[in-house]
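Close look at the chain arrangement
Listed here are the chains, written in short residue letters.
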Amino acid sequence: MRISSDGELVLTPVDGAYIITVADGKTLYYETLVDGQPALVKPELWLNETGAPVMALAQLTDCLDSWTLMGSSADGLYALNACGYTVSIHLKADGPEVLVDGEAITVPAEDVFLQNDTLYVTDAFLHAALKADTVYDADEKSLVVSFKDKSVAEAQD
């Protein structure tokens with residue numbers, strides 16, 4: 001993990017990137033204001049130093065109607081409800097503590113972190129916490145994500 005001189009992880013933006021869900025094959029968008037006008041915007045995608053896709057979790061949840069994210073950077077506590085899972089994230093000085101439906105999972109600090117008051121996650125976090133499958137295509141600048149509802153994922157285990 002490389003950290004810049006100001007103490008933040010080094011992220012490289014992927015300009016024009018798309019995050020696509022497999023279930024409907026559509027590019028994700030969320031509604032926001034651009035120059036004071038409502039607009040649909042693609043969530044941003046970055047790569048960390050190992051080339052792993054990184055996204056702002058709030059942008060991702062804003063794209064998916066059934067997902068909710070609560071919490072704040074002030075206390076480093078977050079709760080994510082997605083795909084039938086309840087994910088608790090506690091960002092501590094010695095690394096993140098992540099619980100999925102009350103059970104602890106191991107998540108490296110580079111896979112879920114706070115930077116500039118924004119909670120970021122990698123595709124590895126989505127896999128560990130939500131059993132998501134992801135494929136990043138550098139040539140197409142796209143991250144294809146397949147989310148399975150908890151009931152489906154448990155039936156396959």
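Just so we're clear, the structure is a prediction, and the values are computed from it rather than from any experiment. (Residues numbered from 1 in each chain as written. Predicted model: local features only at pLDDT ≥ 70, side-chain atom pairs only at ≥ 80, totals over all residues. Heavy atoms only, no water.)

Another point: the confidence of the model for the protein chain. Residues of the protein chain with pLDDT of at least 70 account for 92%, and the chain-wide mean is 91. The secondary structure element of the protein chain with the lowest average pLDDT is helix α3 (residues 150–156), at 71, and the one with the highest is strand β11 (residues 103–105), at 98. (pLDDT = per-residue confidence, 0-100. Helix = DSSP H or I, 4+ residues; strand = E, 2+ residues; numbered from the N terminus.)

Moving on, we get to the sheet that holds β11. Sheet strands line up and pair through hydrogen bonds in the backbone, either parallel or antiparallel. Spatial ordering of the open sheet is given by β7-β8-β9-β10-β11, a layout of 5 strands whose pairing is antiparallel. Of all the strands in the sheet, just β7 (68–72) and β11 have a single pairing partner and so form its edges. Averaged over all pairs of adjacent strands, the angle between strand axes in this sheet comes to 20°, irrespective of strand direction. Pairing of β7 with strand β8 (residues 77–82) involves 5 bridges; the strand directions are antiparallel. What sits directly across from Gly71, in β8, is Tyr78. In this fold helix α2 (residues 123–130) packs onto β8, β9 (85–92), β10 (95–100) and β11, with an angle of close to 130° to the strand it touches most, β9. (Pairing = 2+ DSSP bridges. Axes fitted to C-alpha atoms, helices over the stretch in contact; angles between N-to-C directions. Contact = heavy atoms within 4.5 Å.)

With that settled, consider the pattern of salt bridges. In total, this model carries 3 salt bridges according to the counting rule given. We note a salt bridge from Glu97 to Lys92, for which the minimum N-O separation is 3.1 Å. (Salt bridge = Lys/Arg side-chain N within 4 Å of Asp/Glu carboxyl O.)

Further remarks concern the sheet that holds strand β13 (residues 118–122). With antiparallel pairing, the 5 strands of this open sheet are ordered in space as β1-β5-β6-β13-β12. A strand with exactly one partner marks an edge of an open sheet, and here the two such strands are β1 (12–13) and β12 (112–115). Two elements, strand β6 (residues 53–56) and β13, share 3 bridges in a ladder whose sense is antiparallel. Residue pairing across strands places Val54 opposite Thr122, the latter belonging to β13.

With that settled, consider the pairing of β10. Note: β9 against β10, 6 bridges, orientation antiparallel. Looking across to β10, one finds that Ile89 is bridged to Val98. From the end of β9 to the start of β10, which pair antiparallel, there are 2 residues. Direction of pairing for β10 relative to β11: antiparallel, over a ladder of 3 bridges. Its bridge partner being in β11, Leu99 is matched across the sheet by Ala104. Two successive antiparallel strands, β10 and β11, enclose a turn made up of 2 residues, where Asp101 displays a positive phi of approximately 50°.

Now for unusual backbone geometry. Look at Cys83: it is not a glycine, yet its phi comes out positive at around 55°. Structurally, Cys83 can be placed in the loop between β8 and β9. With a relative accessible area of 12%, Cys83 lands in the buried category. Positive phi outside glycine occurs at Asp117, with the angle close to 65°. Along the chain, Asp117 falls in the loop between β12 and β13. (Buried < 20%, exposed > 50% of the residue type's maximum accessible area, 1.4 Å probe, protein only.)

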